[in-house]
Every structure is written in structure tokens, then in C-alpha cells.
Amino acid sequence: MSLCNGIQPSTTNVRRIIIMLKDFMFGRSGISKSGDIRRLSDKIALRGIKRKLYAEVEKCYRCSCFKDGRTSDSTPQKVVDGFICELPSIRKKCLADAMASVACDPSAECESIVISTFPGFFAIMTYRIAHYFYEAKTPLLPRIMTEYAHSLTGIDINAGAKIGDNFFIDHGTGVVIGETAVIGNDCRLYQGVTLGALSIKKEDRTGEKRHPTLGNNVTVYANATILGGKTIIGDNCVIGGNTFVIKSVAEGSKVVVEPTRIDGN
């Protein structure tokens, strides 16, 4: 018997939709700074994206793995219509993320360079798109979207995480952000950071928060690991590289590993 009764969304089409959305939001055409879509060519382009998106969302709801009473004939259309309405807001958040990159990274000369080339921006943008569908309880699609960004960038952001404004990931390879993680505004993560869960058996999961919370203006340096749903990193904290944190940290703290002393001649 074939998987999902032979009904599955096309990962290739979903990937194309992500690229189309990026081009629409930040290319020559698309949404103006005020969030309006005025030109006829832009409206036609958006209708094309909407049509392709609806086709994949509809497949996600028809997949037999998720026949649990959540679906109706109108649900995919309502979800897609709601997403189109949210697109200006998603674009605004992504632009703020790009500006945060410019503010934090000397190599980011302008927002255009960030949007065109930075893997951290692409992963965050894809997360912000996927998060809408996660909140709408759309099956399969959020995971397909974020795993596409993961495959391209090495940055694994679960669509269920809650991430505030002006978020910046520098370099990014190896970053993992779990499903129930919460990240405040103006936070910065470097490569290899894990916001993860303490190991438990799947049958012991109770629906409780499994991943940590970062307050506002928190910086986490390379290869730091922060675990546990009860672990809260307070506002304005700095978590040093290679640290392992499983307990909450008070506001304004710095957590570092004592450096190894090297005696030279």
C-alpha cells in the first residue's frame, strides 16, 4: 500500500514556492514599503503563488496520515487566504531581521546583501513563513518548509518556535532551535548553538514545554548548548561559546567557560 494513500505534497513545489515568496517580498515587484500591492503585474504574480500554494496545502490536508477531524473542504482555502493577508506583516518582520544583521555584522553592508546571500536570513525568513502554517495547524507543510531551509543552510528552526523581532543568526551552520523554544526581541545566535530539550522517552512526553526561553537582547556565542523547558535566560544575558546550560540564568548575567591556560616560551 502506498504511503498516505498516494496523496503527498510535492517537496519540489514547496521549495519553489519559498523562492517565489522571497522574490515577491524582496524583489523588484511585490509588496511596497507600506505593505500595499498596487501594480497589476504584482497582483497577477501573487495570484500565481496563491494558486500553487493552495494546491500543496490541499494535498497536506488530504494526506491520510492526518485524517483526524481537522479538515473540511474550506479549510485549505481559508488557510491560504489568511496567509496572503499576513504576507505584509511577515515581510515587515523579515526586513527587521535583515536590519538587525546589518546592525550586528560588520560584513553586512546593507539589507540587500543580507537578503540575497546570508544563510541566517534565509532560514529565519522560511521559519516566519512556516510558523504561520504551524499556528494554523496545517499538517506536513511547516516541516517541509523548514527542512528545506535546513538542507540549504545547516540551520534547523522548528516552525513551532516563538521568535521575537530583530532576530540575527551569524554564520549559522549547526544552529538548532526546538519546537517549544521561545526567543525574545533583539537576540543573536552564532554557529553551532542548540536550544534543545533534555532527553526523555517519547512515551513520557506530556505536552509540556521542552525547550528553553531566551529573554530580550540575549547573545549566545558559538557552540553553546541550552537545554530544557524550565531553563530561562534572562534579558541582556551573554552566553559564552562552548557552554552547557541546563539551569536558568538571571538577567544581565554572563556565562563563560574558564579558558584553558597555555604557557608559551
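Scroll up a little and you will see the structure.
Report on the accompanying structure. On a predicted model such as this, the values are computed, not experimentally measured, just so you know.

So, how was this worked out
Residues numbered from 1 in each chain as written. Predicted model: local features only at pLDDT ≥ 70, side-chain atom pairs only at ≥ 80, totals over all residues. Heavy atoms only, no water. Helix = DSSP H or I, 4+ residues; strand = E, 2+ residues; numbered from the N terminus. Expected span 1.5 Å × (residues − 1). Bend = angle between axes of the 7 residues up to and from the residue. Salt bridge = Lys/Arg side-chain N within 4 Å of Asp/Glu carboxyl O. Buried < 20%, exposed > 50% of the residue type's maximum accessible area, 1.4 Å probe, protein only. Axes fitted to C-alpha atoms, helices over the stretch in contact; angles between N-to-C directions. Parallel < 35°, antiparallel > 145°, perpendicular 65-115°, else oblique. Contact = heavy atoms within 4.5 Å. Left-handed = near helix turned anticlockwise from the far one by under 90°. Nonpolar A, V, L, I, M, F, W, Y, C, P; charged D, E, K, R; others polar. Pairing = 2+ DSSP bridges. Polar contact = N/O pair within 3.5 Å; in protein donor to acceptor, adjacent residues only side chain to side chain. Arc of directions from axis to C-beta.

**Remarks on helix α3 (residues 75-104)**
And then number 1: Spanning 30 residues, α3 covers 41 Å between terminal C-alpha atoms, matching the ideal 44 Å at 1.5 Å per step.
And then number 2: Maximum bend of α3: about 45°, positioned at Glu86, with proline Pro88 one to four residues after it.

**Some points on the pattern of salt bridges**
And then number 1: Applying the stated criterion across every chain yields a total of 7 salt bridges.
And then number 2: We note a salt bridge from Glu58 to Arg62, for which the minimum N-O separation is 3.5 Å. Of the two residues, Glu58 and Arg62 are both situated in helix α2 (residues 40-62); the distance of 4 residues between them amounts to about one turn of the helix.
And then number 3: Assessed through its relative accessible area of 21%, Glu58 is described here as partly exposed.
And then number 4: Salt-bridge contacts for Arg128 lead to Asp97; the nearest nitrogen and oxygen are separated by 2.7 Å. Taken as a pair, Arg128 in helix α5 (residues 119-135) and Asp97 in helix α3 lie far apart in primary sequence, 31 residues in all.
And then number 5: Assessed through its relative accessible area of 1%, Asp97 is described here as buried.

**Observations concerning the packing of helix α1 (residues 11-26) against helix α6 (residues 141-153)**
Working note: a packed helix pair is described by the angle between its axes plus the distance between those axes.
And then number 1: At a minimum axis distance of 10 Å, the contact between α1 and α6 shows a crossing angle of 70°. Taken together, the axes of α1 and α6 lie roughly perpendicular to each other. Residue-level contacts link Thr11, Val14, Arg15, Ile18 and Ile19 of α1 to Leu141, Ile144, Met145, Tyr148 and Ser151 of α6.

**As for the packing of α3 against α5**
And then number 1: Packing of α3 against α5 leaves a shortest axis separation of 9 Å and a crossing angle of 150°. By the angle between their directions, the pair α3 and α5 is classed as roughly antiparallel. The handedness of the crossing between α3 and α5 comes out as right-handed. For the pair formed by α3 and α5, the contact residues are Lys78, Val79, Gly82, Phe83, Glu86, Ile90, Lys93, Cys94, Asp97 and Ala98 on the first element and Phe121, Ile124, Met125, Arg128, Ile129, Tyr132 and Phe133 on the second.
And then number 2: Broken down by class, the residue content of the contact of α3 with α5 amounts to 11 nonpolar, 1 polar and 5 charged.

**Regarding the sheet that holds strand β1 (residues 156-157)**
And then number 1: The parallel open sheet is built from 5 strands, whose spatial order is β1-β4-β7-β10-β13. Edge positions in the open sheet fall to β1 and β13 (244-245), since each of these has one partner strand only.
And then number 2: Sheet topology places strand β7 (residues 194-196) next to strand β10 (residues 225-227); 3 bridges connect them, and they run parallel. Opposite Gly196, over in β10, you have Leu227 as the bridge partner.

**Digging into the environment of Asp165**
And then number 1: Mapped onto the fold, Asp165 is located in the loop between β2 (162-163) and β3 (168-169).
And then number 2: It is 8.6 Å that separates the C-alpha atoms of Asp165 and Cys94, two residues lying 71 residues apart in sequence.
And then number 3: Once you skip the residues sitting within four places of it in the chain, Asp165 turns out to touch Lys93, Asp97, Arg128, Gly184, Asn185 and Asp186.
And then number 4: Separated by 2.9 Å, the side chains of Asp165 and Lys93 make a polar contact.

**A few points about α1**
And then number 1: The first and last C-alpha atoms of α1 sit 23 Å apart over 16 residues, in line with the 22 Å expected at 1.5 Å per residue.
And then number 2: Of all the residues in α1, the buried ones are Val14, Ile17, Ile18, Leu21, Lys22, Phe24, Met25 and Phe26. Along α1, the residues classed as buried sweep out an arc of 165° about the axis, all on the same side.

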